Amino acid sequence: MRFAVSVVLVLAVGLLLTVSGKTATSTGKQDDHEMSPLDWWETGVFYQIYPRSFKDSNGDGVGDLAGITEKLDHLAELGVDGVWLSPVFKSPMADFGYDIADFRDVDPIFGTMQDLDRMIAKAKTLGIKVILDFVPNHTSDEHEWFQKSLRNEGEFRDFYVWRNPTNNGVPNNWQSVFHTPAWTRPEGQTQYYLHQFDKKQPDLNYRNPRVKQEMEAMIRFWLDKGVDGFRIDAINHAYEDPQFRDEELIDPKGELMWENLDHKYTKDLPECYDLIYDWRDVFDQYKAQDGVTRLMMTEAYASLEQTMLWYGNANRKGAHMPFNFAMINRLSKDSRANDFKEVIDEWLHAMPAGAQANWVLGNHDRPRVASRYGRELASSLAVLEMTLPGIAVVYYGEEIGMEDNRAITFEETQDPQAVNTNPDVYQEFTRDPVRTPFQWDSSAYAGFTAASTTKTWLPVHANYREVNLALQKAAPESMFKLYQKLIQLRKEHTFQHGHYDSKVLLNNVFGYTRTLDDHQAYAVVVNLNDNDVNVNLKELHEDVETAKVVLTSLDAKMKEGDEVSEVFHVILGRYDAVVFEIASSASTVGASVLLMLVAAIIRSLF
């Protein structure tokens, strides 16, 4: 008798787990044993470090590689898969490393090649991949190639774009991103050279096969040293119109400046894509040798249609991850739920088959998310970003809610994009406020450098005593701890492999489900209002019967572990985001029926 009861109970528990483990929807997704294993990067979290501002190890007020190595444990504790370093190559720092004088050496301000090797080695022991920032459009004017080009030595004149003057002086009307003419004539020269950015950043001439050979050799140099990939900067500027035609003014009555030109001759030319496809072949040669993917990320501010081409075409592969800037460029604190749905769905629907999406809330060129959207909404957007399908990118400081330092004066400004303007308008162009030192603790200079340091390269934000990592690690709830939970949640099969279905709910709430057959289903809702709202979870899926709160944004009205039986009447607090585990009516009813059946069987045995 006892044996029979035991058998019945074991079978019942097994069936109960099977029924209760079903998702709220049938998605057509594969079962566990049929799922294609994900490559290391495909649903990864990548953390961008701006090296000057992460951690200063030697007291000179500038962050360095030894400081990054010292703080890698923070990234491991956060749970990221990879780290992307903004440029650390040798540079006169006219554009803080984006003007490279030697692609195969480290700038002394950051340390030595040995320091970089040690950093990479420690990262690997922590399971963190290392991505370097590659700036192929231009070099520094102090690069050996450009110095030889100035002297007209051998083949090097043609490494850069030189043009004769016209009747108006400069070769054409092209303007630089940094608000100067895109042409400079060096003293003693008759020709002008092209620079789409600062005049100390002369553009390379990719129509010269030797330039392509040299840059490919540079890629191989770093891949041979063990880096895991590159983020390729401003790649859509690499080629220009070979006829050097004037660009049209967008507003014919407006000022001749970069923002008022239609850049059909200086950006997004077809040859730019071909260059990336060629470099992808190089990356894949390395994978063919050892089976490990070297990751290619591309940066290009362009239309959706143009951006999709970075993935590749029908015949050739391109970047694994073309950066998705839609959440930066097209959404703001005034955006509504339908705006979020449109931006997210557009990318997912436009991607080629087999590609991975990526989501970016901020970077070193755009205002921080906590400043763009406000402190209250920042944590909700973190919930949003981390629960969408694909890759997530975290800009240093986002994980503690750092904000722009708009108190930096014109005299303190370092960014050439702003220095080239004037005190009245520099705030419109400066990127310095988003690049300030990381706020580690409440000590002097936020723990970024030694207390004895005279000053930091940019001023630390005045709020560092209230917003810093040490405080957040000690607090029971904080932005840092929320990011930890989100990164852990992303490892669930449903978030890695599951279906995504979004809806605009009543009352300006954005919601979506993440579902996968035979796995836990989830619903995510984001209240974009500054007031409480009522949400009906059945609008996301009609079969939802019960829900349980998995996690929430900071200071949310609902709390982790809350159970919801009235799913048609869920109150969300202002700007709250909530992730729910959801169960369908079929599984709830099925579990009840099964329990009743088991009880009847047991009664019949006695």
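Residues numbered from 1 in each chain as written. Predicted model: local features only at pLDDT ≥ 70, side-chain atom pairs only at ≥ 80, totals over all residues. Heavy atoms only, no water.

As annotated in an unreviewed UniProt entry, the protein chain is alpha-glucosidase from Anopheles atroparvus. What the UniProt record of the protein chain gives under Catalytic activity (unreviewed entry) is the line "Hydrolysis of terminal, non-reducing (1->4)-linked alpha-D-glucose residues with release of alpha-D-glucose." UniProt, in the comment section headed Sequence similarities (unreviewed entry), describes the protein chain in these words: "Belongs to the glycosyl hydrolase 13 family." (UniProt positions renumbered as here; feature names shortened; annotations may be inferred.)

Enquirer: An account of the domain arrangement of the protein chain is requested, with residue identities and associated values reported.
Expert: Along its sequence, the protein chain is carved into domain 1 (38–135 + 355–491), domain 2 (144–194) and domain 3 (497–590). Centre-to-centre, using C-alpha coordinates, domain 1 lies 32 Å away from domain 3. Listed as interface residues are 16 residues of domain 1 and, on the opposing side, 21 residues of domain 3. With both chains or domains summed, domain 1 and domain 3 bury close to 1600 Å², and 69% of this area falls on carbon and sulfur atoms. Of all residues in domain 1, the largest losses of buried area upon contact with domain 3 belong to Glu376, Thr387 and Leu489, amounting jointly to 27% of the total for that side. (Domains from an automatic or database assignment. Contact = heavy atoms within 4.5 Å. Buried area = accessible area lost by both parts, 1.4 Å probe.)

Enquirer: So, the side chain of Ser176: which residues are in play, and what are the values?
Expert: With respect to the helices and strands, Ser176 occurs in the loop between strand S6 (162–163) and strand S7 (183–184). Relative accessible area serves as the criterion here: at 0%, Ser176 is assigned to the buried category. A distance of 3.1 Å separates a polar atom in the side chain of Ser176 from the backbone nitrogen of Phe178. Those residues within four positions of Ser176 in sequence are excluded, and the remaining contacts are Pro181, Ala182, His195, Gln196, Phe197 and Trp258. (Helix = DSSP H or I, 4+ residues; strand = E, 2+ residues; numbered from the N terminus. Buried < 20%, exposed > 50% of the residue type's maximum accessible area, 1.4 Å probe, protein only. Polar contact = N/O pair within 3.5 Å; in protein donor to acceptor, adjacent residues only side chain to side chain.)

Enquirer: So what's going on with the UniProt feature "domain: Glycosyl hydrolase family 13 catalytic" (unreviewed entry) in the protein chain? Residues and values would help.
Expert: The UniProt entry lists residues 48–435 under the feature "domain: Glycosyl hydrolase family 13 catalytic" (unreviewed entry), expressed in the numbering used here. For residues 48–435, the helix share is 30%, the strand share is 11%, and the end-to-end C-alpha distance is 11 Å.

Enquirer: Before we move on, could you go through the packing of aromatic side chains and cite the residues and values that matter?
Expert: Evaluated as defined, the whole model comprises 36 aromatic pairs. Taken together, the ring pairs connect Phe103, Phe134, Trp145, Phe156, Phe159, Tyr206, Phe230, Tyr239, Trp279 and Phe283 into an aromatic cluster. Over the aromatic face of Trp457 sits the side chain of Arg52, whose NZ or CZ is 4.4 Å from the ring centroid. Positioned above the aromatic ring of Trp440, the side-chain terminus of Lys71 is 4.4 Å from the ring centre. (Phe/Tyr/Trp six-rings, centres within 6.5 Å; stacked < 30°, edge-to-face > 60°. Lys NZ or Arg CZ within 6 Å of the ring centre and 35° of its normal.)

Enquirer: I'd love a proper account of the nonpolar core, names of residues and values included.
Expert: Most often, soluble globular proteins keep nonpolar side chains buried together rather than apart. In terms of nonpolar packing, the biggest core is built from 126 residues, with Tyr47, Met119, Phe230, Trp279 and Leu384 touching the most fellow members. Sorting elements by how many residues they give to this core places helix H7 (residues 270–290) first, with nine residues. (Core = buried A, V, L, I, M, F, W, Y, C linked by side-chain atoms within 4.5 Å.)

Enquirer: Run through the sheet that holds S6, naming residues and quoting values.
Expert: Spatial strand order, S6-S8-S7: three strands in an open sheet with antiparallel pairing. Edge positions in the open sheet fall to S6 and S7, since each of these has one partner strand only. When S7 meets strand S8 (residues 192–194), the two strands line up antiparallel, connected through two bridges. From the neighbouring strand, Thr184 faces S8, where its bridge partner is Tyr193. (Pairing = 2+ DSSP bridges.)

Enquirer: Could you give an account of unusual backbone geometry, with specific residues and numbers?
Expert: Its identity as a non-glycine residue notwithstanding, Met93 has a phi of 70°, on the positive side. On the accessibility criterion, Met93 (14% relative accessible area) is buried. Even without a glycine there, the phi angle at Asn507 is positive, about 70°. Given the relative accessible area of 41%, Asn507 is considered partly exposed.

Enquirer: A description of the pattern of salt bridges should follow, citing residues and the corresponding values.
Expert: Side chains carrying opposite charge are able to pair once their charged atoms draw close together. All chains considered together, the criterion is met by 39 salt bridges. Between Asp228 and Lys124 there is a salt bridge, with the nearest N and O atoms lying 3.2 Å from each other. Taken together, the positions of Asp228 in the loop between helix H6 (209–224) and strand S9 (229–232) and Lys124 in helix H4 (residues 113–125) put the pair 104 residues apart, joining distant regions of the chain. A relative accessible area of 7% places Asp228 in the buried class. (Salt bridge = Lys/Arg side-chain N within 4 Å of Asp/Glu carboxyl O.)

Enquirer: Can you tell me about the packing of helix H12 (residues 375–387) against helix H16 (residues 479–489), naming the residues and giving the values?
Expert: In the contact formed by H12 and H16, the axes pass within 9 Å of each other and the chain directions differ by 15°. Classed by the angle they form, the pair H12 and H16 counts as roughly parallel. Here the hand of the crossing between H12 and H16 comes out right-handed. Only Met479, Leu482, Tyr483, Leu486, Ile487 and Leu489 of H16 make contact with H12, whose side of the interface consists of Ala378, Ser379, Ala382, Val383, Met386 and Thr387. (Axes fitted to C-alpha atoms, helices over the stretch in contact; angles between N-to-C directions. Parallel < 35°, antiparallel > 145°, perpendicular 65-115°, else oblique. Left-handed = near helix turned anticlockwise from the far one by under 90°.)

Enquirer: Describe the environment of Gln417, with residues and values.
Expert: Counting through the fold element by element, Gln417 comes out in helix H13 (residues 416–419). When its relative accessible area of 14% is taken as the criterion, Gln417 is described as buried. Setting aside chain neighbours within four positions, we find Gln417 in contact with Val177, Phe178, His179, Phe429 and Arg431. A distance of 3.0 Å separates a polar atom in the side chain of Gln417 from the backbone oxygen of Phe429.

Enquirer: Tell me about H6, residues and numbers included.
Expert: Its 16 residues give H6 an end-to-end C-alpha distance of 23 Å, which sits within 8% of 22 Å, the value for a rise of 1.5 Å per residue. Considered for burial, the residues of H6 that qualify are Val211, Met215, Met218, Ile219, Trp222 and Leu223. Looking down the long axis of H6, one finds its buried residues gathered within 135° of arc, a one-sided arrangement. Counted as exposed and oriented over 90 degrees from the buried face of H6: Pro209 and Asp224. Backbone nitrogen of Arg210 and a side-chain oxygen of the N-cap are separated by 3.0 Å at the start of H6; the cap is Asn208. Positive backbone phi, approximately 105°, marks Gly226, located one or two places after H6. (Expected span 1.5 Å × (residues − 1). Arc of directions from axis to C-beta.)

Enquirer: Describe the pairing of strand S2 (residues 82–85), listing the residues and the values that go with them.
Expert: Burial along S2 is two-sided: Gly82 and Trp84 facing one way and Val83 and Leu85 facing the other are all buried. One ladder, built from four bridges, connects strand S1 (residues 45–49) with S2; its direction is parallel. Directly across from Ile49, in S2, lies its bridge partner Leu85. For S2 and strand S5 (residues 129–134), the ladder comprises four bridges, and the chain directions are parallel. Across the sheet, the residue bridging to Val83 is Val130, located in S5.

Enquirer: Outline the pairing of strand S13 (residues 391–395), supporting the account with residue identities and numerical values.
Expert: Most of S13 sits inside the fold, with five of its five residues counted as buried. Taking every second residue as pointing to the same face, both faces of S13 are buried, with Ile391, Val393 and Tyr395 on one and Ala392 and Val394 on the other. In terms of strand pairing, S1 meets S13 through four bridges, oriented parallel. If you follow Val45 over to S13, its bridge partner there is Ala392. Summarising the sheet, strand S12 (residues 358–360) and S13 pair through three bridges and their orientation is parallel. Considered in S13, the bridge of Val360 is made with Val393.

Enquirer: Go over the side chain of Gln439 with me, naming the residues and quoting the values.
Expert: Inspection of the secondary structure assignment puts Gln439 in the loop between helix H14 (426–429) and helix H15 (469–474). Residue class for Gln439 comes out buried when judged on its relative accessible area of 0%. One polar contact links Gln439 to Asn463, side chain to side chain, over a distance of 3.2 Å. Of the polar contacts made by the side chain of Gln439, one reaches the backbone oxygen of Val467; its length is 2.7 Å.

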